[in-house]
Every structure is written in structure tokens, then in C-alpha cells.
Amino acid sequence: MFTLAYDRRHKILLARVSGVLGSSDVAALDDAISRFTARNGPAHGLMDFTSVSTVAVPIAKLLPNSAASYKRIVIARSEMLELARTAARGPSIVSSLDEALRQLGAVSPSFEPVEP
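These numbers were taken from a predicted model, which means no experiment stands behind them. (Residues numbered from 1 in each chain as written. Predicted model: local features only at pLDDT ≥ 70, side-chain atom pairs only at ≥ 80, totals over all residues. Heavy atoms only, no water.)

Visitor: Any chance you could break down the pairing of strand β1 (residues 2-7) for me, citing the residues and the numbers?
Guide: Judged by how many residues are buried, β1 sits mostly within the fold: 5 of 6 residues are covered. Of the pairings in the sheet, the one linking β1 to strand β2 (residues 12-21) comprises 6 bridges and is antiparallel in character. Paired with Asp7 across the strands is Ile12, a residue of β2. Between β1 and the antiparallel strand that follows it, β2, lie 4 residues; Lys11 among them carries a positive phi value of about 55 degrees. Across 3 bridges, the pairing between β1 and strand β6 (residues 112-114) is antiparallel. Within β6, the position partnered with Ala5 by the bridge is Pro113. (Buried < 20%, exposed > 50% of the residue type's maximum accessible area, 1.4 Å probe, protein only. Helix = DSSP H or I, 4+ residues; strand = E, 2+ residues; numbered from the N terminus. Pairing = 2+ DSSP bridges.)

Printed below as a string of C-alpha cells:
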């Protein structure tokens, strides 16, 4: 399961993923992000995996590609954090949303829900 939220001022799309993460979830998330980008243009991307209980797909499939002038940051904890660091080839890997927002220089973001 996932939710999307967008901060217009800083151009940050936040995807929060929770529960058991399978291949169909990854495909649905990819599709939702692609549709968002087509409507709103590129944005910095935060992928928050801190509420994922089980990963049922290869970790490399979960990591976003970096766009030219936009950052991609993965937020993960414990086992998921170690898996992400092992497979990382582009996005920054951090352990908290606050740390991710600091990397982006985002002060007091206001995330609004996005319909997937």
C-alpha cells in the first residue's frame, strides 16, 4: 500500500509505502508517479519505506532513478535500510524524513495528498 503527497513550494513528491510490498505494489507506485510527473512535471522524490513490514521483491526494483536536476532520496530503517544501502546506485539513503528534507534544503514543507 502507498500514498503520495506533494509539496509545491519545494517541488517534492513524497511516496509513503507500508505493509507488505510486492511486485504489483511497485508497478502501481511506478504508474502513479509517472502519471503525476506527466501532469505536474519533474520533482524531487522521497520514497519512505519506514512502515514496510515485508519486502517481497528484489530491492533494486524499489530504488528510483535520479533525474538530471532533481534528487531522489530513500528513507528506510533497520533491515530495509541495510538492503537499500547494499543496492543503492544513485539515490541517497537516509533513516528519517527530517534528514531527507535537510538534504533538499526544504524548510517547513506543506505536503498535500495526491490521488494515485
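Visitor: Summarise the nonpolar core; cite the residues concerned and give the values.
Guide: Within soluble globular proteins, side chains that are nonpolar generally end up buried alongside one another. Within the largest apolar cluster, 20 residues are counted, with the highest numbers of intra-cluster contacts made by Leu4, Leu13, Val17, Leu29 and Phe49. Those elements that place two or more of their residues in this core are β1, β2, α1 (23-40) and β3 (44-55). Leave out the neighbours within four places in its chain, and Leu29 touches Phe2, Leu4, Ala15, Val17 and Met47. With 10 residues, the next largest nonpolar core counts Ile12, Val94, Leu104 and Ala106 among its residues. (Core = buried A, V, L, I, M, F, W, Y, C linked by side-chain atoms within 4.5 Å. Contact = heavy atoms within 4.5 Å.)

Visitor: Outline helix α3 (residues 97-104), supporting the account with residue identities and numerical values.
Guide: Considered for burial, the residues of α3 that qualify are Ala100, Leu101 and Leu104. Looking straight down α3, one finds its buried side chains confined to an arc of 95 degrees; they lie on one side. Projecting away from the buried face of α3 at angles above 90 degrees are the exposed residues Asp98 and Arg102. If you follow the buried residues of α3, they end up packed against β2, β3, β4 (72-75) and β5 (92-94). In the stretch just after α3, Gly105 is the one whose phi turns positive, near 70 degrees. (Arc of directions from axis to C-beta.)

Visitor: Help me get a handle on the pattern of salt bridges, residues and values and all.
Guide: Counted by the stated rule, this structure contains 3 salt bridges. With a shortest N-O distance of 2.9 Å, Arg35 and Asp31 are connected by a salt bridge. Of the two residues, Arg35 and Asp31 are both situated in helix α1; the distance of 4 residues between them amounts to about one turn of the helix. (Salt bridge = Lys/Arg side-chain N within 4 Å of Asp/Glu carboxyl O.)

Visitor: Tell me what's going on with unusual backbone geometry, and back it up with residues and numbers.
Guide: Although it is not a glycine, Lys11 sits at a positive phi angle of roughly 55 degrees. Residue placement: Lys11 occurs in the loop between β1 and β2. On the basis of relative accessible area, Lys11 is assigned to the partly exposed category, the value being 39%. A positive phi angle, near 50 degrees, is found at Ser108, a position not held by glycine. Topologically, Ser108 is positioned in the loop between α3 and β6. The class for Ser108 is exposed, based on a relative accessible area of 56%.

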